[in-house]
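Each chain, letter by letter, is given below.
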Amino acid sequence: MPAELSRSQLGADRYVRRVWDQWWRERDEFSDCVLPRETWRFHGLRPANHPQRRLALASSWSVNGGLISKLEDWCARDVPNAALLDSLHEALQVGPDEFWSWHYTFRSARLKKAQPLLGGTRVTDLAVNVVLPWLWIRAADGKNDALRNRIEQRYFAWPSAEDNSLLRLARQRLLGGASRKVLRGAAAQQGLIQIVRDFCERSNALCDNCQFPKLVRDFCVV
């Protein structure tokens, strides 16, 4: 949160003051949860993906409640593969926010058109990194094999996420510069990203001493 008012954007300043009026009563109790400013990284972010908006979305989930039951209901429903993304988007979506639907940050100017706090592209990121793994763990812990299989089916049927620099690097190094279309679905993208994390980030640009080719050869022999 801004330490001071801007004095130049009255609408934003009014909102910041309202939040501060609430926060100052609670900040001592939650002081151990405050992230130091130097831990935040804002470089290269799309404005709509700014962490302040993400926190506003999480706050809305927390205040309104019912998120867990919505996800459970979504998991239990029969959803065609083609409708997976839209159906989860509907379950995660929140209503308009008087401030954050119109601003990217505490300091940004008011937008000409309201923007949703959660777009469709971020739904895929949430699905494959958070929602589906969490639901799978719950199903496995409850020994519900049928539900676990349903979640696995959704995971492998999930459409591809947006392309990014990490995937482009992986395709360049591991797939001969193949186009993004070679990866069919978000699960394949996640697998390639995991290879980068486990191997490419532990080697140099020349791939010296990388163990991944040997693992592939050994796998093919088996």
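Given the structure is predicted, the values throughout are model-derived calculations rather than measurements. (Residues numbered from 1 in each chain as written. Predicted model: local features only at pLDDT ≥ 70, side-chain atom pairs only at ≥ 80, totals over all residues. Heavy atoms only, no water.)

S.K.: It is not clear to me how the environment of methionine 1 should be interpreted in this structure. Could you clarify?
M.R.: Looking at where methionine 1 falls in the secondary structure, it is placed in the segment before α1 (10-26). Residue class for methionine 1 comes out partly exposed when judged on its relative accessible area of 34%. For the pair methionine 1 and aspartate 32, spaced 31 residues apart in sequence, the C-alpha separation works out to 16 Å. (Helix = DSSP H or I, 4+ residues; strand = E, 2+ residues; numbered from the N terminus. Buried < 20%, exposed > 50% of the residue type's maximum accessible area, 1.4 Å probe, protein only.)

S.K.: Where do I start with the side chain of arginine 154 in this structure?
M.R.: Mapped onto the elements of the fold, arginine 154 is located in helix α6 (residues 145-157). Here arginine 154 is buried and forms no salt bridge, its nearest opposite-charge partner aspartate 78 lying at an N-O distance of 5.7 Å. Within the structure, arginine 154 has its side chain in polar contact with the backbone oxygen of arginine 77 (distance 2.3 Å). (Lys, Arg positive; Asp, Glu negative; His and termini not counted. Salt bridge = Lys/Arg side-chain N within 4 Å of Asp/Glu carboxyl O. Polar contact = N/O pair within 3.5 Å; in protein donor to acceptor, adjacent residues only side chain to side chain.)

S.K.: Help me understand helix α7 (residues 165-174) in this model?
M.R.: Note that an α-helix has 3.6 residues per turn; residues three or four places apart therefore point the same way. Within α7 the residues assigned to the buried category are Leu166, Leu167, Ala170 and Arg171. Projected down its long axis, α7 carries its buried residues within an arc of 135 degrees, all on one side. In this structure, α7 carries Ser165 and Gln172 as exposed residues pointing more than 90 degrees from its buried face. The inward-facing, buried residues of α7 contact α8 (186-198). With its phi angle positive at about 65 degrees, glycine 176 sits one or two positions after the end of α7. (Arc of directions from axis to C-beta. Contact = heavy atoms within 4.5 Å.)

S.K.: Help me understand unusual backbone geometry in this model?
M.R.: For residues other than glycine, phi is negative in most cases, and the peptide bonds are mostly trans. The phi dihedral of lysine 143 is positive, around 55 degrees, even though this residue is not glycine. Within the secondary structure, lysine 143 is located in the loop between α5 (120-141) and α6. With phi around 60 degrees, asparagine 209 is a residue other than glycine that occupies positive phi space. Tracing the chain through its elements places asparagine 209 in the loop between α8 and α9 (212-221). On the basis of relative accessibility, which here comes to 72%, the residue asparagine 209 falls in the exposed class.

S.K.: Please clarify how the nonpolar core should be interpreted in this entry.
M.R.: Generally speaking, nonpolar side chains in soluble globular proteins are found buried as a group. One finds Trp61, Trp74, Leu88, Leu92, Trp100 and Trp158 to be the most contacted residues of the largest nonpolar core, which totals 30 residues. Secondary-structure elements contributing two or more residues to this core are α1, α2 (51-64), α3 (67-76), α4 (84-92) and α5. Considering each element in turn, this core owes the most residues, seven residues, to α5. When near neighbours in sequence (up to four residues on either side) are disregarded, leucine 88 contacts Leu71, Trp74, Val123, Ala127, Val131 and Trp158. (Core = buried A, V, L, I, M, F, W, Y, C linked by side-chain atoms within 4.5 Å.)

S.K.: Looking at this structure, I do not really get the pattern of salt bridges. What am I missing?
M.R.: Close approach of charged atoms allows side chains with opposite charge to pair. Taken as a whole, this structure holds 12 salt bridges when the rule is applied. Of the charged contacts in the structure, one is a salt bridge between aspartate 145 and arginine 148, with a shortest N-O distance of 3.5 Å. Of the two residues, aspartate 145 and arginine 148 both sit in helix α6, three residues apart, roughly one turn of that helix. Looking at aspartate 145, the relative accessible area reads 46%, which means it is partly exposed. In this structure, the salt-bridge partner of arginine 168 is aspartate 163, at a minimum N-O distance of 3.7 Å. By relative accessible area, which is 44% here, arginine 168 ends up partly exposed. One salt-bridge network, in which partners are shared between bridges, spans Arg46, Arg122, Asp125 and Glu162.

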